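Tertiary structure, described
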Amino acid sequence: MNRLKLRLLLEQFFLEDIGERDVTSELIFGEEEKGEIVFLAKENGIFCGQAVIETGFSLLDEKVEINLLVKDGERIEKGQRLATVRGRVAELLKGERVVLNLVQRMSGIATKTREAVNILGTTQTKIVDTRKTTPGLRMLEKYAVRCGGGLNHRFGLYDAVMIKDNHISFSGSISKAVEKVRKNLGHMVKIEVETETKEEMLEAINAGVDVIMFDNRKPEEIKEWIPYVPKGIITEASGGITLNNLGSYKDCGVDVISLGFLTHTVKALDISVKVHVRG
């Protein structure tokens, strides 16, 4: 994860929440009054958010003491202590909600991704995410997918070409769309085309694309079509795939399966922050 970008994101998030100051905490606690908080798992799952805890609290208190008790990608159990943070009470309370929200969401994504990987049950086909991420959180959410055992699809509109149905409609055909791209595209960028029929798949193959997506196709259809795809072309299944039917795609032969629900409808993992009062 890019720590510089993470720092900038957290600064924005803290400014949104804190504004000019945390009125409540500053009026109750003295500048040097210290305390400790503990991150606790309230349900089983996969943890993700080490860097958020470290960078977040360090931004607010340079002298903060952070003890991480679990690593990104590790399974956690209900009741498990995940991290302790000791520092100035006012600063701990300023940062805990923003940090906790991010850790909960990232851990929820990592947990859902691990569940999908386990359901698919094969290393031959990879689980990947999509661009259906929360604005401003894409780097964090895609990192969480990796922590859960998945891989990342393109990060944005800038790092790969994906020719979808609307591009094809405006261009006139898959061949024409690919031809226009090839005229101006550098050799480092891959071209993917979304296909819905066998005819579109064959046209994409003849156009020399790098990746073919089978969009909203049943596993039986994909299994029937995939022998036509040359070995040098990557294949992807996407659309209409849920945890309930994911297992049926195990033997259809695609290289990757992209799942939008990993990030856009995921439930945050239940994690809490408790005050630790030392006797």
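Heads up: these notes are all about the structure in this document. (Residues numbered from 1 in each chain as written. Predicted model: local features only at pLDDT ≥ 70, side-chain atom pairs only at ≥ 80, totals over all residues. Heavy atoms only, no water.)

Considering the pairing of strand β9 (residues 211–215)
Along a regular strand, successive side chains alternate from one face of the sheet to the other. Counting buried residues in β9 gives 5 out of 5 residues, a clear majority hidden from the surface. Burial along β9 is two-sided: the residues Val211, Met213 and Asp215 and Ile212 and Phe214 are all buried. With 4 bridges joining them, strand β8 (residues 191–195) and β9 adopt parallel strand pairing. Bridge pairing links Glu194 to Met213 in β9. Between β8 and its parallel partner β9, the chain crosses via helix α8 (residues 198–207), and the hand of that crossover is right-handed. Note that β9 and strand β10 (residues 234–238) share 5 bridges and pair parallel. For Met213, the partnering residue across the bridge sits in β10 and is Glu236. The parallel pair β9 and β10 is bridged by helix α9 (residues 219–225), and the resulting crossover is right-handed. (Buried < 20%, exposed > 50% of the residue type's maximum accessible area, 1.4 Å probe, protein only. Helix = DSSP H or I, 4+ residues; strand = E, 2+ residues; numbered from the N terminus. Pairing = 2+ DSSP bridges. Right-handed = clockwise from strand over helix to strand, strands pointing away.)

Here we look at the side chain of Arg217
As for its position among the elements, Arg217 is in the loop between β9 and α9. Among the polar contacts listed, one links the side chain of Arg217 to the backbone oxygen of Glu196, at a separation of 3.3 Å. Here the side chain of Arg217 touches Asp215 through a polar contact of 3.0 Å, landing on its backbone oxygen. (Polar contact = N/O pair within 3.5 Å; in protein donor to acceptor, adjacent residues only side chain to side chain.)

Description of unusual backbone geometry
Residues other than glycine seldom take positive phi values, yet Asn216 does so here, at roughly 55 degrees. Structurally, Asn216 is set in the loop between β9 and α9.

Here's the deal with the packing of helix α7 (residues 174–184) against α8
Between two packed helices, both the angle of their axes relative to each other and the distance between the axes serve to describe the pair. It is the contact of α7 with α8, at a shortest axis distance of 9 Å, that shows an interaxial angle of 30 degrees. Taken together, the axes of α7 and α8 are roughly parallel relative to one another. As α7 packs across α8, the resulting crossing turns out to be right-handed. Note on element contacts: α8 touches α7 through Glu200, Glu203, Ala204 and Ala207, opposite Ile174, Ser175 and Val178. Residue composition of the contact of α7 with α8, grouped by class: 4 nonpolar, 1 polar and 2 charged. (Axes fitted to C-alpha atoms, helices over the stretch in contact; angles between N-to-C directions. Parallel < 35°, antiparallel > 145°, perpendicular 65-115°, else oblique. Left-handed = near helix turned anticlockwise from the far one by under 90°. Contact = heavy atoms within 4.5 Å. Nonpolar A, V, L, I, M, F, W, Y, C, P; charged D, E, K, R; others polar.)

Some details on the packing of aromatic side chains
This model, assessed by the stated rule, comprises 2 aromatic pairs. When the centroid spacing of 6.2 Å and the interplanar angle of 75 degrees are considered together, the rings of Phe39 and Phe57 count as edge-to-face. Of this pair, Phe39 sits in strand β1 (residues 34–41) while Phe57 is found in helix α3 (residues 50–60), placing the two residues 18 residues apart along the sequence. The residues Phe39 and Phe57 share a single accessibility class, namely buried. Summarising the aromatic geometry, the rings of Phe214 and Trp225 are spaced 6.2 Å apart at their centres and angled 50 degrees between planes, so their arrangement reads as tilted. One end of the pair, Phe214, is in strand β9; the other, Trp225, is in helix α9, and 11 residues separate them in sequence. Taking relative accessible area as the criterion, Phe214 reaches 0% and is therefore assigned buried. Taking the ring centre of Phe155 as reference, the NZ or CZ of Lys142 above it sits at 5.2 Å. (Phe/Tyr/Trp six-rings, centres within 6.5 Å; stacked < 30°, edge-to-face > 60°. Lys NZ or Arg CZ within 6 Å of the ring centre and 35° of its normal.)

Some thoughts on the packing of helix α1 (residues 3–18) against helix α4 (residues 89–120)
Packing of α1 against α4 brings their axes to within 10 Å, and their N-to-C directions diverge by 125 degrees. As summarised for this structure, α1 and α4 are arranged oblique, according to the angle between their axes. Handedness of the crossing formed by α1 with α4: right-handed. Contacts from Leu10, Phe13, Phe14, Asp17 and Ile18 of α1 reach α4 at Lys94, Gly95, Arg97, Val98, Val99 and Leu102. Residue classes in the contact of α1 with α4 are distributed as 7 nonpolar, 1 polar and 3 charged.

A word on the sheet that holds strand β3 (residues 65–68)
An order of β3-β5-β1-β12 is seen for the 4 strands of this open sheet, with the pairing classed as antiparallel. The open sheet has two free edges, formed respectively by β3 and β12 (271–276), since each of these has just one partner strand. Looking at each pair of strands side by side, their axes are set apart by 15 degrees on average, direction ignored. Sheet topology places β1 next to β12; 6 bridges connect them, and they run antiparallel. Looking at β12, one finds that Glu36 is bridged to His276.

Observations regarding the pattern of salt bridges
Applying the stated rule across the entire model yields 13 salt bridges. Ionic pairing is found between Glu54 and Arg3, a salt bridge with its closest N-O pair at 3.4 Å. In this pair, Glu54 sits in helix α3 while Arg3 sits in helix α1, placing the two residues 51 residues apart along the sequence. The class for Arg3 is partly exposed, based on a relative accessible area of 46%. Salt-bridge contacts for Lys94 lead to Glu26; the nearest nitrogen and oxygen are separated by 3.2 Å. Taken together, the residues Lys94 in helix α4 and Glu26 in helix α2 (residues 23–28) connect sequence positions 68 residues apart. On the accessibility criterion, Glu26 (33% relative accessible area) is partly exposed. In the salt-bridge network here, residues are joined through shared partners; they are Arg21, Glu26, Glu91 and Lys94. (Salt bridge = Lys/Arg side-chain N within 4 Å of Asp/Glu carboxyl O.)

By themselves, these are just geometric observations and shouldn't be taken as functional.
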